[in-house]
Amino acid sequence: MPALLILSSAFLAAGANGISMVAFPWLVLQRTGSAIDASIVAGAATLPLLVATLIAGTAVDFIGRRRVAMLADALSALSVAAIPVLAATAGTGSLTTVVLAGLAALGAFFDPAGMTARQSMLPEAAARAGWTLDHTNSVYEAVFNLAYITGPGIGGLLIATLGGVNSMWVTAGAFALSILAMAVLRLEGAGKPARDERPDGVVSGVIEGLRFVWHNRVLRTLGLIDLAVTGLYLPMESVLFPKYFTDRDEPAQLGWVLMALSIGGLVGALSWTVLSKISSKRTTVLT
């Protein structure tokens, strides 16, 4: 079933990113002990998203939904697999802050496009499965949060047992399985949109998308809220928590804390199916 393949791919990719979320700052802090260096790597993983998010929709239009999802996971797999390869060939000393920052940026750059590609295939997959859009969105968000429950927890346990470097092999394997799920997906809307439905060029496509969002009051408001919340939250997840637990040499405990945060997200996502019947969307967002 196409919906299950999309959800499986999203789960594997998000779970792999959840492991990376723990492993990257841990590797930096383990070698330098510097929160500034950890911030540099975290910034390298997030700043490219500003550019990537702008071109994500246009990339999907020109390359095709399934191909973009597979490309995003391939770049992520390459970035994490490079860490144990470099450690084995050039020694762990080669994993400097600059190298780790570059690999983090490479892995994160196409993530928004991959997420956009999967989400844009959901309506057609939901229709094939006979699901409502509210139910599909609730299940997708639940799967996404479930991945971030298991990912960081597994990441912490892997670091405690295999070490930060070798844990990246497991991460690369999860990305490979996500690519496989997309490779076997058969959905009419998985390819490129028809030529007359695509923008004239990349720049015009980006401008058209920004104009559409900005002139839609609801989308503009939600976009600004997401920007603020994400900006306030990411430093805790990518720097403050890893620094706290690295100082105590407790990688497993870091994984448990990140898992606890995701459990809240999972409960919230699953509750939407019920809340949508008794509460308005605005009231739910405000709550």
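Predicted model, so just to flag it, every value in this text is computed and none were measured.

Chemist: In this structure, what is going on with the overall build of the chain? I would like to understand it.
Modeler: Each helix and strand in the chain was counted, giving eleven helices and zero strands. Of the regular secondary structure in the chain, the N- to C-terminal order runs α-α-α-α-α-α-α-α-α-α-α. Taken over 287 residues, the chain has a buried fraction of 43%. Counting only contacts in the chain whose residues sit at least 6 apart along the sequence, the fraction spanning at least 24 positions is 85%. Accessible surface computed for the chain: about 14,400 Å², of which carbon and sulfur atoms make up 68%.

Chemist: Could you clarify how one ought to interpret the packing of helix H6 (residues 133-161) against helix H10 (residues 251-278) in this entry?
Modeler: Packed helices, taken two at a time, are described by their axes: the angle between them and the distance between them. One way to put it is that H6 packs onto H10 with a least axis distance of 8 Å and a crossing angle of 170°. By the criterion of interaxial angle, the relationship of H6 to H10 is roughly antiparallel.

Chemist: Can you help me understand helix H1 (residues 2-32) in this one?
Modeler: Owing to its 3.6 residues per turn, the α-helix aligns residues three or four sequence positions apart on the same side. With 31 residues, H1 extends 45 Å between its outermost C-alpha atoms, agreeing within 8% with the 45 Å of an ideal straight helix rising 1.5 Å per residue. Within H1, 23 of the 31 residues are buried, which leaves the element mostly enclosed by the surrounding structure. Taken from the residues just after H1, Gly-33 is the one with a positive phi, measuring 70°.

Chemist: Got a minute to help me understand the pattern of salt bridges in this structure?
Modeler: Close approach of charged atoms lets side chains of opposite charge pair. All told, the structure shown has one salt bridge when counted by the stated rule. Residues Asp-73 and Arg-118 are paired through a salt bridge, measuring 2.5 Å at the closest nitrogen-oxygen approach. With Asp-73 in helix H3 (residues 65-90) and Arg-118 in helix H5 (residues 111-129), the pair connects residues that are 45 residues apart, well separated along the chain. Side by side, Asp-73 and Arg-118 carry an identical accessibility label, which is buried.

Chemist: Mind showing me how you'd approach the confidence of the model for the chain here?
Modeler: Note that predicted coordinates carrying low pLDDT should not be read in detail. Of all residues in the chain, 89% have pLDDT values of 70 or greater, and the mean over the chain is 81. Looking over the chain, one finds the lowest element-wise mean pLDDT in helix H2 (residues 35-63), namely 72, and the highest in helix H7 (residues 167-183), namely 92.

Chemist: How should I be thinking about the packing of aromatic side chains in this particular structure?
Modeler: What characterises a pair of aromatic rings is the spacing of the ring centres plus the angle enclosed by the ring planes. All chains considered together, the criterion is met by two aromatic pairs. Between Tyr-140 and Phe-144, the ring centres sit 6.2 Å apart and the planes meet at 20°, which makes this aromatic pair stacked. Pair noted here: Tyr-140 and Phe-144 are both in helix H6, with a separation of four residues, about one helical turn. On the accessibility criterion, Tyr-140 (3% relative accessible area) is buried. Arranged with centres 5.0 Å apart and planes meeting at 85°, the rings of Tyr-244 and Phe-245 form a pair that is edge-to-face. Given the relative accessible area of 43%, Tyr-244 is considered partly exposed. Accessibility expressed as a relative area gives 9% for Phe-245, which makes it buried.

Chemist: I'm lost on the nonpolar core in this one. Help?
Modeler: Proteins that are soluble and globular tend to have nonpolar side chains buried together. By size, the foremost hydrophobic cluster in this structure holds 35 residues, and its most contacted members are Phe-24, Val-41, Ile-83, Leu-100 and Met-168. If you list the elements that add at least two residues to this core, you get H1, H2, H3, helix H4 (97-109), H6, H7 and H10. The biggest single contributor to this core is H1, with ten residues. Once residues lying within four places of it in the same chain are set aside, the contact partners of Ile-83 are Phe-24, Leu-27, Leu-95, Leu-100, Leu-103, Val-165 and Met-168. In this structure, Ala-10, Val-68, Ala-69 and Met-121 belong to the second largest nonpolar core, which totals 18 residues.

Chemist: Quick question: what am I supposed to make of the side chain of Thr-171 here?
Modeler: On the secondary structure map, Thr-171 appears in helix H7. Residue classification places Thr-171 among the buried positions, given a relative accessible area of 0%. Not counting residues up to four positions away in its chain, the partners in contact with Thr-171 are Ala-16, Ile-19, Ser-20 and Val-80.

Chemist: For this particular structure, what's the right way to read unusual backbone geometry?
Modeler: When glycine is set aside, most residues are seen to have a negative phi, and most peptide bonds are trans. The phi dihedral of Asp-249 falls on the positive side, at around 50°, and the residue is not glycine. Within the fold, Asp-249 resides in the loop between helix H9 (217-247) and H10. Assessed through its relative accessible area of 58%, Asp-249 is described here as exposed.

Chemist: What am I meant to see in H6 here?
Modeler: With 29 residues, H6 should cover 42 Å at 1.5 Å per step; its first-to-last C-alpha distance of 41 Å lies within 8% of that length. Structurally, the start of H6 carries an N-cap: the backbone nitrogen of His-135 is 3.1 Å from a side-chain oxygen of Thr-132. Immediately beyond the C-terminal end of H6, within one or two residues, lies Gly-163, with a positive phi of roughly 100°.

Chemist: Got a minute to help me understand the packing of H1 against H7 in this structure?
Modeler: Closest axis-to-axis distance for the H1/H7 pair is 8 Å, and the angle between their directions is 160°. As far as their axial angle goes, H7 and H1 are roughly antiparallel. Between H1 and H7 lies a crossing whose hand is left-handed. Contact residues: H1 offers Leu-5, Ile-6, Ser-9, Leu-12, Ala-13, Ala-16, Asn-17, Ile-19, Ser-20, Ala-23, Phe-24 and Leu-27, while H7 offers Ser-167, Met-168, Val-170, Thr-171, Ala-174, Phe-175, Leu-177, Ser-178, Ala-181 and Met-182.

Conventions we followed
Residues numbered from 1 in each chain as written. Predicted model: local features only at pLDDT ≥ 70, side-chain atom pairs only at ≥ 80, totals over all residues. Heavy atoms only, no water. Helix = DSSP H or I, 4+ residues; strand = E, 2+ residues; numbered from the N terminus. Buried < 20%, exposed > 50% of the residue type's maximum accessible area, 1.4 Å probe, protein only. Contact = heavy atoms within 4.5 Å. Areas by Shrake-Rupley, 256 points an atom, 1.4 Å probe, with all protein chains shown as cover. Axes fitted to C-alpha atoms, helices over the stretch in contact; angles between N-to-C directions. Parallel < 35°, antiparallel > 145°, perpendicular 65-115°, else oblique. Expected span 1.5 Å × (residues − 1). Salt bridge = Lys/Arg side-chain N within 4 Å of Asp/Glu carboxyl O. pLDDT = per-residue confidence, 0-100. Phe/Tyr/Trp six-rings, centres within 6.5 Å; stacked < 30°, edge-to-face > 60°. Core = buried A, V, L, I, M, F, W, Y, C linked by side-chain atoms within 4.5 Å. Polar contact = N/O pair within 3.5 Å; in protein donor to acceptor, adjacent residues only side chain to side chain. Left-handed = near helix turned anticlockwise from the far one by under 90°.

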